Amino acid sequence: MDDQNPANQHPDFADAGQDPTSFPPPPAWTLAGPALPPPPPTSGPAAPAHLGGPRRGRRGFAAAVVAAALVVGGGAGLGGAAAYDALNGDDGGSAPSASGTSFSTVASTGSDADASAAVADGTVEKVAATVLPSVVKLDVSGAQGAGSGSGIILSSDGLILTNNHVAEIGAQGGSITVSFNDGSHASATVVGTDPLTDTALVQAQDVSGLTPATLGKSSQVQVGQGVVAVGSPFGLDATVTAGIVSALNRPVNVGSDGEGNATVYPAIQTDAAINPGNSGGPLVDLDGNVVGINSSIQSTSTTGGEAGSIGLGFAIPIEEVLPIIDQIKNGETPTHARLGISVEDVAAGHGALVSDGAVIREIGDGSAASSAGLRAGDVITKIDDTLITGSDSLVATVRAYRPGDEVTVTYTRDGEERTATITLDSDAETSNS
């Protein structure tokens, strides 16, 4: 049994002072998704071929998000219904390089080199000059539809990191075209995907001499520090936006697989503008180091409509998916840590009362949690020093570890606080899931 959050029950956010009986509809988590081209007009003048004039000879791209979004469960993430746009739910994300921990410098010549050298370190201009050669636009098509997302170059021969929800559209008979910062293009194939961490690798064909991005340390990111997002929102390639880190370890739930295993990660929250098509691109610090993969946004719409930035964007911390990236690159099936339980939120109280924790609904025979003596009905409140606020928080926290890691679980049973030391299982092992 993999760690699951089948109930997806979460408290709603509301403005202070509102009558609790008349809260407005909560916002929704949305995968910004591959930006899709708009449908042709049914009447009136022809739609423009591009937005904002020609771009260095590249094909113009006018993009719109499919209106309908699928609500995941009864609610997810930070107190909103989790919305996943199956075709368009893609937002920015970042991709690390295959090796190293800092961005490569942009190699340029002539006036470009002079201009780059004149830009001060630590500025958004310097970050853009450094990072743009390592970010690509991915046009994807397949049985689910067509659209575009972003990706990050990991190797000089074209290994690219992106989101699973970008690459999966081009898998199984679909196609992917990579557009590089210099205006060139190449076809690409999917190397592998991991839905539970929303990561994927694609390989551009017949390319060399690319500028790989290198990774920073997401574990050293601080709230308030400046960050930059790079990608192709709504198909507008080579777009740079800047902001700050708004929060850390924000549990974001963007859906689940056919077995009920949730795609939940402890996100870096940012107010840098992230929109459909940014998914798979990098969130970088002001030294140009990739610290996250832009992957989702908070949407105010629960029933449909075009999702866009409202200053609440989320990136997957890069260090936490490096083992997954290595496994995919080596042709292995990605593995994840687990306790072997199914959980749901503790029922929320009324008024000012708040109940934190994740209550165990089911526990697998022979699982790590069962072997440590945990039972159904126990309420988990902490993993090591991380407070558990709900079911998404628990799943996201456990996913940040690796199989075989030892953790201290704090939980309550019949009002008594207890602790247990647990060696985490792997979902590669046979279980009763």
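Shown above is the structure to which this text applies.
Predicted model only: the values in this text are computed from it and were never measured. (Residues numbered from 1 in each chain as written. Predicted model: local features only at pLDDT ≥ 70, side-chain atom pairs only at ≥ 80, totals over all residues. Heavy atoms only, no water.)

A. Molecular detail of the sheet that holds strand β5 (residues 145-153). The strand order β4-β5-β6-β9-β8-β7 describes a closed barrel built from 6 strands, whose pairing is antiparallel. Pairs of neighbouring strands in the sheet enclose a mean axial angle of 40 degrees, with direction left out of account. Two elements, strand β8 (residues 185-194) and strand β9 (residues 199-204), share 6 bridges in a ladder whose sense is antiparallel. The partner of G192 across the bridge, within β9, is L201. Each of β6 (159-162), β8 and β9 touches helix α4 (residues 318-329); the most contacted strand, β9, lies at about 50 degrees to it. (Pairing = 2+ DSSP bridges. Helix = DSSP H or I, 4+ residues; strand = E, 2+ residues; numbered from the N terminus. Axes fitted to C-alpha atoms, helices over the stretch in contact; angles between N-to-C directions. Contact = heavy atoms within 4.5 Å.)

B. Summary view of the side chain of S232. Checked against the element boundaries, S232 lands in the loop between β10 (226-231) and β11 (239-256). Judged by its relative accessible area of 1%, S232 is buried. Contact partners of S232, with chain neighbours within four places excluded, come to V136, K137, G149, S150, D237, A238, P276, G277 and N278. (Buried < 20%, exposed > 50% of the residue type's maximum accessible area, 1.4 Å probe, protein only.)

C. Summary view of the side chain of D378. Examined against the element boundaries, D378 turns out to sit in the loop between α5 (368-371) and β19 (379-383). Of note is the side chain of D378, whose polar atom sits 2.8 Å from the side chain of R413. Contacts of D378, omitting those with residues within four sequence positions, involve A358, V359, I360, G373, Y411, T412 and R413. (Polar contact = N/O pair within 3.5 Å; in protein donor to acceptor, adjacent residues only side chain to side chain.)

D. Geometry of the pattern of salt bridges. The tally for this structure, following the rule as stated, stands at 5 salt bridges. Notably, a salt bridge pairs K329 with D326, separated by 3.9 Å at the nearest N-O pair. Of the two residues, K329 and D326 are both situated in helix α4; the distance of 3 residues between them amounts to about one turn of the helix. Note that R361 and E362 form a salt bridge whose closest N and O atoms lie 4.0 Å from each other. Its relative accessible area of 39% is what places R361 among the partly exposed residues. (Salt bridge = Lys/Arg side-chain N within 4 Å of Asp/Glu carboxyl O.)

E. Structural context of helix α6 (residues 391-399). Extensive coverage of α6 is indicated by the burial of 9 of its 9 residues. Of all the residues in α6, the buried ones are S391, D392, S393, L394, V395, A396, T397, V398 and R399.

F. Representation of the environment of G308 within the structure. One can find G308 in the loop between β14 (290-299) and β15 (313-317). Residues G308 and I274 lie 34 residues apart in sequence; the distance between their C-alpha atoms is 7.6 Å. Leave out the neighbours within four places in its chain, and G308 touches N275, I297 and Q298.

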